[in-house]
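Secondary and tertiary structure notes
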Amino acid sequence: MLSLRQLEYLVAVVDHGSFTRAAEILHVTQPALSHQIQALERAAGARLLERLPRAVHLTPAGRAMLPHARAALADVTGALCAVRQATGLAGGELRLATVCSVGLGVLPGALRAWNRLHPEVDVRLFEHHHTEELAEAMASGQADLAVGPRPAPWPGPVHELGCEEFVVTVPPGDPLAAGGAREVDLEDLRDRRWVHYAPGNGLSEVLDHACARAGFRPRIAVRTEQTASAPALAAAGLGPALVPSNILPRGYEGHVLWPRPAVTRALTAYARTGLDTLAAAFLAVLTESVAGTLLPAPGPGPGPCAPGPDPYREPPAPPVPPGRA
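What you are looking at is a predicted structure, and each value in this text was computed from that prediction instead of being measured. (Residues numbered from 1 in each chain as written. Predicted model: local features only at pLDDT ≥ 70, side-chain atom pairs only at ≥ 80, totals over all residues. Heavy atoms only, no water.)

**Topic: the confidence of the model for the chain**
With 88% of its residues at a pLDDT of at least 70, the chain reaches an overall mean of 86. Here residues 307-325 is modelled with pLDDT under 50, and outside its nearest four sequence neighbours on either side it reaches 64 contacts, counting other chains as well. (pLDDT = per-residue confidence, 0-100. Contact = heavy atoms within 4.5 Å.)

**Quick word on the packing of aromatic side chains**
This structure, assessed with the given rule, holds two aromatic pairs. Seen from their ring centres, tryptophan 114 and phenylalanine 282 are 5.6 Å apart, and the 75° between their planes marks the pair as edge-to-face. Of this pair, tryptophan 114 sits in helix α6 (residues 107-117) while phenylalanine 282 sits in helix α11 (residues 277-290), and the two are 168 residues apart along the sequence. When its relative accessible area of 1% is taken as the criterion, tryptophan 114 is described as buried. On the accessibility criterion, phenylalanine 282 (0% relative accessible area) is buried. Between tryptophan 154 and tyrosine 270 the ring centres are 4.8 Å apart and the planes differ by 70°, which places this aromatic pair in the edge-to-face class. Here tyrosine 270 lies in strand β12 (residues 264-270) and tryptophan 154 lies in the loop between β5 (145-149) and β6 (158-170), a separation of 116 residues in the sequence. In this pair, the class of tryptophan 154 matches that of tyrosine 270, namely buried. (Phe/Tyr/Trp six-rings, centres within 6.5 Å; stacked < 30°, edge-to-face > 60°. Helix = DSSP H or I, 4+ residues; strand = E, 2+ residues; numbered from the N terminus. Buried < 20%, exposed > 50% of the residue type's maximum accessible area, 1.4 Å probe, protein only.)

Following this line, the structure appears as structure tokens:
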């Protein structure tokens, strides 16, 4: 069955002339975009796009579908406008709280989609360095909705979003990069000096825990408070860094390796009480936005995230520029 997201992806590829540019505009990875287009072609029962070395062209079937795809998207936009007017979504302020790495990697795409649908709604974003800090801020009423790692036992509603994967980044001249490796056993990096995170940054605990599972404590070359600085410092040769795959900028200069065992983190959206109209509407947009970028959620409870299927195992190139973490 085809979806509106697939139709949006088809229109974006046609309008921008390439999968690479469409992925940048849509804030998704190119493998995820390709996967959705292939699913659309399977649902349609025909090839819709002809992929040439330097261009993408519609096939006859694609030319037949395109006007209907545009019409369907226009109908949805009109329906959303009507709902906004009826439910008070035509104004107000949406307050969101998150941890810094999620604000850098996961939220930009969702906020872009939200702004396109609700440009008249102001958004205030509060960023925190640690999951516990985020939960404490939410308990005090700072925001309408929190987006971040699964909190400790939480009295309010919690919505599972999925799992993000972590990668190890090294400089392009690293022996692992020269050998063209795509994966690395963390145990093989026990003698390396790492780009670490400052105390209080939740990613510091992620790195320590991953290394502990591999049987060692990471030696430290440098500590950074800025999540976005970690892959840059790794590319500069200061040591390997463990970073969420979704924060890497497109055209990242370093070499990306998938760690063995996999390092993952479950992400959720949660609130103190039932969601109001704005928060519920944003949660729907957020859920749609992360569907192609996060692994399936592990289900209720604190269980581990499942390893990713092949489309997720490609080295990521998300179009999110580095910024404050």
